[in-house]
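# Fold and geometry: a report
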Amino acid sequence: MHWRIAPQIQARRMIDRKPLYLMTPALAWLTAFMVAPCLMILALAFFQRGIYGGIDYTFTLENIALVFDPLYANIFLKSAFIAGLSATIAVVIGYAAAFAITAAPAKRQAMLLFFAVLPFWSNYLVRTYAWIVMLNREGLIAGAAQWLGYDGELPKMLYTETAVVIGLVYNYLPFVILACYAPLSRLNPEIAEASRDLGGNGWTTFRRVILPMTVPGIATGFVFVFVLSIGNFVTPALLGGGQFQMIGNLVYAQFLTANDWPFGAALSMFLIAIMMGLLTLQTYASERASGARREE
Amino acid sequence: MRSIANPRLMLMILSAVFAFLYIPISVLFALSFNEGGLPTAWTGFSVKWYGALFRNSDIMGAALNTLVVAVISTALATILGTLLAVGVEIRRRKGRFLETIIFAPMIIPDIVLAIALLSFFSLLNVTLGLHTVILSHVVFNLAFVCSVVRSRLKTFDWSVVEASTDLGAPMVVTLWRVVLPVMMPAVIAGALLAFTLSLDEFIIAFFTAGAGRDSITLPMQIFAMIRFGVTPEINALAAIVMTLSVVILALSQRLNRGGLPGQ
Amino acid sequence: MTQPLLTIRNVRKNFGSVKAIDGIDLDIHENEFFALLGASGSGKTTLLRMLAGFELPDDGEVILDGKDVSQVPPNHRPVNLMFQSYALFPNMSVARNIAYGLEMEKLPKAEIRSRVDEILEVIQLSHLANRKPDQLSGGQRQRVALARALVKRPRLLLLDEPLGALDKKLRGEMQLELKRIQNEFGITFIIVTHDQEEALVMADRVAILKDGRLLQSGTPQEIYEHPESRFAADFIGVMNFFPVTQESGHLRAQDGSTITANTPLESAARGVAAVRPERLHIGGNDRDNSISGTVSAIAYHGLDLQVHLKTPASPDPVLIRLTADVAERAPIGVGDSLTVHWAAKDTRVFAV
Ligand SMILES: Nc1ncnc2c1ncn2[C@@H]1O[C@H](COP(=O)(O)OP(=O)(O)OP(=O)(O)O)[C@@H](O)[C@H]1O
Ligand SMILES: [Mg+2]
């Protein structure tokens, strides 16, 4: 019924004359301190590095070429592997947790979700630091092992790739739980019942019905963990002990130690490109899933 | 999902996940009260590390800096973000470009924004310091405030604006007396969210604060402490910082029943 | 006759290609309870919003107390609107909501308080003065919205489907309540409704809108007894229609019987004859204005009995309203054959 909508539209129109006026300060701010700097970085990627580390304003494609140089292929593959592994583990655990939360009585779900997300609200550095305490040679796990009577040599835990993966999974898990919970909680329980009714057992129902319908949540979770991990430099620095580099560390180094800003800029453009590519894929996956939902 | 879930399995999953999430944090808390300061042995309850913390002038200086950054950037972001939210929601046609610009600060990887700002400030010959951190923090803070306020405005009944006009109020009075009070919980929730984000933000501050010792923020200090030798004080600091963020965000969540962005 | 309070002269309003209001002329007098009736999308809300000032007419004039106000903004018109959604300020108590409009007039505090108290008395909500709108029931909210508009003592109070959100029983009560309040305050009311019964109960005069045009206006009785169009006849009250053809001055129904009327069908070969259900009487075979058929349904409406008659003379069942004592004298059952007749003066004819 149009009268439900029309007055709203009218009311908005009355103050409509001035929305720009309201939006201008914030948009100006974003333009000055986000759009302009990002465009600048984009431009920077096409300039040469100066002899003394400054910027030489002559056009070059060298930095872009350097990104794809075999010299860095290793780092990229390693970064992608660590990020991919972390994202996969986070999605598996996060999905299972979200599923278990939706299986809980409705009254308790909000509380469970709240506590699953709570750690996400605390400081990232502190959460990472907690794992140093856990994995340290004098740390909790070592202490626990000792207390249990194990006094052989423990394998090195801190400053390993495993530690980095644990740290990344730990930090981003709440986000994945949240992302997976959304589509799961929206599923009509009757769909699962219908599948069982038609003879599917629990596992078939899950694999053929529930999983495909919750792909968007999985995709969102995966993309964000992957992108945030591959661009991360804090966790590798703290838990990896500088043993290996991720793209994030590489960018960091170009700006703060190697002083090759144009290459750093090219690297970060590459990061953005990865992110946009994955987000596009994710949109595609969600659309596929909602299409599938319509067909059900 | 209950119909196909195995209750025992579900319980096991939840226990394992919550243990994974909470054990490391709880250990930190416990440790901050451990007399000996080491995770390997409990030598007795003590608050001495908290005392040491407050006597550490480096930490206190960094904390003060962080407070300055958080307060100023939150104030600016709240004003800008709220106006932006009202402006966007009043518009009938939603521009995709506009949405992207507003959404971008929340999803751009921190490191990209950080180096972009660093290059930008250096090229303009701006001296780095707390002021550049503030300028930078406003970018993502205003986006979060805007998103919280917008979610509130989505359920706003705009006909009260007409009702106010009909009863004789000029537009300024209407915005002040009718629109703002309705938005207020969301504005405060957004401000609290921005405040914690700013308190905890490390990467952008790290790049835009410059090299001076007097512009170190608390997260930068924590990073340095973790990296270059762990002193037991950091457990106390970690416990305080963590509690602070969680309490403020829980408050924000409570105020804004619509939920935080992403939820 | 004195000068009308409100004159609407040739007002038009387009939304893009939609002619929401397509040239309306209307006079409304001091102290009148006036109802705008029409189907959904006929332009009722648009017309009301133009009177309130939320919509500027593309053409024509709105004259209030002899002054053209068509370009005056809403906050400067002595006109108030009661919103269909009530639009109560959720952050203010009942009393603050009501006081808001008076505060805008910068009246002294004492006067504001006494006027708010007085109106709370009238709407019988004094005990809820400090509640917030979300702590009120639908009917209470509706009354607060009314009080908030009324307390400003506007020259003209506009009400857009004020009872639309209430359940049937409450609606009935509120209809009488609105009427009482209008009487008490002596303020001119213009009410929008698409419920004709509501208009008949409350209004002194009614205007029927269709596609942005004014079809007919007058007292409910005038429109009921002398509808000028098939639409108006159908819209106000219940009406039976018989498609007819006109042959040499006689009207012939589809079943071949002859229908007579005091006013003949003008300059058209085809039309409809219309008769109100209460004008139909049982009996009367083999004469003009009589229709036979089979009873298809019987429904009780309080003391009245409604009989549906399936007949070849009309595509829709014919509705007959009988009083209980008539029905008792000659019991009727579903499936019975029945003949009804009516007087020529009760026939209305419309061209199609
Ligand atoms: N803001 C607007 N923009 C475009 N078209 C509009 C607008 N407001 C109303 N209309 C159109 O004008 C016509 C009249 O609408 P109006 O709201 O006045 O009808 P109404 O008689 O109040 O109907 P209802 O009984 O459903 O409330 C409709 O066709 C409607 O779609
Ligand atoms: Mg309407």
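Because the structure is a prediction, the values reported are computed rather than measured.

## Describing the overall build of chain A
- Helix and strand counts for chain A come out as 14 helices and two strands.
- Across the 296 residues in chain A, those meeting the buried criterion constitute 54%.
- When contacts within chain A are restricted to residue pairs at least 6 apart in sequence, those whose partners lie at least 24 apart make up 68%.
- By element, 65% of the accessible surface of chain A is carried by carbon and sulfur atoms, the whole surface being about 13900 Å².

## Some thoughts on the overall build of chain B
- Scanning chain B for helices and strands turns up 11 helices and zero strands.
- Listed by position from the N terminus, the elements making up chain B come as α-α-α-α-α-α-α-α-α-α-α.

## Focus: the interface of chain A and chain B
- Counting residues at the interface gives 95 residues for chain A, matched by 88 residues for chain B.
- Of the roughly 8500 Å² buried where chain A meets chain B, counting both sides, 82% is carbon and sulfur surface.
- Applying the counting rule to chain A against chain B returns zero salt bridges.
- One can count five residue pairs in polar contact (both at pLDDT 80 or more) joining chain A with chain B.
- Sort the elements by how many residues they give to the side of chain A that touches chain B and helix α2 (residues 19–44) of chain A lands first, with 18 residues.

## Some words on the packing of helix α2 (residues 94–104) of chain C against helix α3 (residues 109–122) of chain C
Residues and elements named next belong to chain C.
- Running from N to C, α2 and α3 cross one another at 130°; their axes reach a closest spacing of 10 Å. The angle between the axes of α2 and α3 places the two elements in the oblique class. Crossing handedness for the pair α2 and α3: right-handed. Taking contact as the criterion, the partners of Val94, Ala95, Ile98, Ala99, Leu102 and Glu103 in α2 are, on α3, Ile112, Arg115, Val116, Ile119 and Leu120.
- Tallied by class, the residues present in the contact of α2 with α3 amount to nine nonpolar, no polar and two charged.

## Details of the sheet that holds strand β20 (residues 348–351) of chain C
Residues and elements named next belong to chain C.
- Taken together, the five strands give an open sheet; going across it, the order is β13-β12-β11-β14-β20, and neighbouring strands pair in antiparallel fashion. The sheet is open, and its two borders are formed by β13 (258–259) and β20, each paired with just one other strand.
- Here strand β11 (residues 240–247) pairs with strand β14 (residues 270–275) via six bridges, running antiparallel. Counted as the bridge partner of Asn240 is Val275 from β14.

## Focus on the pairing of strand β17 (residues 304–310) of chain C
All names here are of chain C.
- Pairing between strand β16 (residues 290–301) and β17: seven bridges, direction antiparallel. Bridge pairing in β17 links His301 to Asp304.
- Counted between consecutive antiparallel strands, the loop separating β16 from β17 contains two residues, among which Gly302 sits at a positive phi close to 60°.

## Observations regarding the pattern of salt bridges
Residues and elements named next belong to chain C.
- Counted by the stated rule, this structure contains 32 salt bridges over all chains.
- As a salt-bridge pair, Lys13 and Asp58 come within 3.7 Å of each other at their nearest N and O atoms. Of this pair, Lys13 sits in strand β1 (residues 6–15) while Asp58 sits in the loop between α1 (44–52) and β4 (59–64); the two residues are 45 residues apart in sequence, bridging distant segments of the chain.
- The class for Lys13 is buried, based on a relative accessible area of 9%.

## Comments concerning the pairing of strand β7 (residues 156–160) of chain C
Residue and element names in this part refer to chain C.
- With five of five residues buried, β7 is to be regarded as a mostly interior element.
- Burial along β7 is two-sided: the residues Leu156, Leu158 and Asp160 and Leu157 and Leu159 are all buried.
- Bridging between strand β6 (residues 79–82) and β7 involves four bridges; their strand directions are parallel. The residue bridging Met82 from the neighbouring strand is Leu159, located in β7.
- Direction of pairing for β7 relative to strand β8 (residues 188–193): parallel, over a ladder of five bridges. Each bridged residue has a counterpart across the sheet, and for Leu159 the counterpart in β8 is Ile191.
- Each parallel crossover has a hand, and the one from β7 via helix α5 (residues 168–185) to β8 is right-handed.

## Focus on the sheet that holds strand β18 (residues 318–323) of chain C
Residue and element names in this part refer to chain C.
- Reading across the sheet, the five strands line up as β15-β19-β16-β17-β18 and stay open at both edges, with antiparallel pairing between neighbours. Each having just a single partner strand, β15 (281–282) and β18 make up the two edges of the open sheet.
- Bridging between β15 and strand β19 (residues 337–341) involves two bridges; their strand directions are antiparallel. Considered in β19, the bridge of His281 is made with His341.

## Let's talk about the confidence of the model for chain B
Residues and elements named next belong to chain B.
- Looking at chain B as a whole, the pLDDT averages 88, with 94% of positions reaching at least 70.
- The weakest mean pLDDT in chain B belongs to helix α4 (residues 96–107) at 87; the strongest belongs to helix α9 (residues 203–208) at 95.
- Here residues 258–263 is a poorly scored stretch, pLDDT under 50, and it has 14 contacts once near neighbours within four places are set aside; other chains count.
- In the predicted assembly, ipTM is 0.90 and pTM is 0.77.

## Details of the side chain of Asn289 of chain C
Residues and elements named next belong to chain C.
- Here Asn289 is to be found in the loop between β15 and β16.
- A relative accessible area of 2% means that Asn289 is categorised as buried.
- Within the structure, the side chain of Asn289 is placed 2.8 Å from the backbone nitrogen of Thr260, a separation counted as a polar contact.

## Observations regarding the packing of helix α6 (residues 130–153) of chain B against helix α8 (residues 171–200) of chain B
Residue and element names in this part refer to chain B.
- The contact between α6 and α8 brings their axes to 8 Å, and the two run at 150°. Judged by the angle between their axes, α6 and α8 are roughly antiparallel. Every pair of crossing elements has a handedness; the one defined by α6 and α8 is right-handed. In this structure, α6 contributes His137, Phe140, Asn141, Phe144, Val145, Val148, Val149, Arg152 and Leu153 to the contact, and α8 contributes Val182, Met183, Pro185, Ala186, Val187, Ala189, Gly190, Ala191, Leu193, Ala194, Leu197 and Ser198.

## So, the nonpolar core
- Core analysis: the largest hydrophobic core is formed by 224 residues, its most contacted members being Ile111 and Phe207 of chain B together with Ile190 of chain C.
- The element that contributes the greatest number of residues to this core is helix α4 (residues 70–103) of chain A, accounting for 15 residues.
- Contacts of Ile190 of chain C, omitting those with residues within four sequence positions, involve Leu6, Ile28, Phe34, Leu36, Leu48, Leu51, Leu156, Leu157, Leu158 and Leu159 of chain C.
- The next biggest cluster of nonpolar side chains, apart from the first, holds 48 residues, and it includes Leu37, Ile123, Leu136 and Ala149 of chain C.

## A few points about the confidence of the model for chain A
- Put simply, chain A has an average pLDDT of 82, and 88% of its residues get 70 or more.
- Residue range residues 1–16 of chain A is modelled with pLDDT below 50. Its contacts to residues more than four positions away, or to other chains, number 35 contacts.

## A word on the interface of chain C and chain B
- In this complex, chain C contributes 23 residues to the contact, which on the side of chain B involves 18 residues.
- At the boundary of chain C with chain B, total buried surface from both sides reaches about 1700 Å², with 57% on carbon and sulfur atoms.
- Across the contact surface, chain C and chain B share two salt bridges.
- Between Arg177 of chain B and Glu103 of chain C there is a salt bridge; the shortest N-O distance is 2.8 Å.
- Taken together, the links from chain C to chain B amount to nine residue pairs in polar contact (both at pLDDT 80 or more).
- Contributing elements (two or more residues each) for the side of chain C that touches chain B: α1, β6 and α2 of chain C.
- Here the side of chain C that touches chain B takes five residues from α2 of chain C, the largest share from any one element.

## Quick notes on the side chain of Thr214 of chain A
Residues and elements named next belong to chain A.
- Topologically, Thr214 is positioned in the loop between α10 (202–213) and α11 (215–230).
- Classification of Thr214 by relative accessible area gives buried; the value is 0%.
- Contacts of Thr214, omitting those with residues within four sequence positions, involve Tyr95, Pro183, Leu184 and Leu187.

## Structural notes on a nonpolar patch on the surface
Residue and element names in this part refer to chain B.
- Judged by side-chain polarity, Leu64, Leu67, Val68, Val71, Ile72 and Leu76 come together as a nonpolar surface patch covering roughly 460 Å² of accessible area.
- Its place among the elements puts Leu67 in helix α3 (residues 57–90).
- Note on Leu67: relative accessible area 41%, which makes it partly exposed.

## Considering unusual backbone geometry
Residue and element names in this part refer to chain C.
- Phi at Tyr86 takes a positive value of approximately 75°, unusual for a residue other than glycine.
- The class of Tyr86 is buried, set by a relative accessible area of 7%.
- Unusually for a residue other than glycine, Lys106 sits at a positive phi of about 55°.
- For Lys106, the position within the fold is in the loop between α2 and α3.
- Residue classification places Lys106 among the exposed positions, given a relative accessible area of 73%.

Rules and cut-offs
- Residues numbered from 1 in each chain as written.
- Chains lettered and ligands numbered in written order.
- Predicted model: local features only at pLDDT ≥ 70, side-chain atom pairs only at ≥ 80, totals over all residues.
- Heavy atoms only, no water.
- Helix = DSSP H or I, 4+ residues; strand = E, 2+ residues; numbered from the N terminus.
- Buried < 20%, exposed > 50% of the residue type's maximum accessible area, 1.4 Å probe, protein only.
- Contact = heavy atoms within 4.5 Å.
- Areas by Shrake-Rupley, 256 points an atom, 1.4 Å probe, with all protein chains shown as cover.
- Buried area = accessible area lost by both parts, 1.4 Å probe.
- Salt bridge = Lys/Arg side-chain N within 4 Å of Asp/Glu carboxyl O.
- Polar contact = N/O pair within 3.5 Å; in protein donor to acceptor, adjacent residues only side chain to side chain.
- Axes fitted to C-alpha atoms, helices over the stretch in contact; angles between N-to-C directions.
- Parallel < 35°, antiparallel > 145°, perpendicular 65-115°, else oblique.
- Left-handed = near helix turned anticlockwise from the far one by under 90°.
- Nonpolar A, V, L, I, M, F, W, Y, C, P; charged D, E, K, R; others polar.
- Pairing = 2+ DSSP bridges.
- Right-handed = clockwise from strand over helix to strand, strands pointing away.
- pLDDT = per-residue confidence, 0-100.
- Core = buried A, V, L, I, M, F, W, Y, C linked by side-chain atoms within 4.5 Å.
- Patch = residues over 30% accessible without salt bridge, like charges linked within 9 Å, V, L, I, M, F, W, Y side chains within 5 Å.

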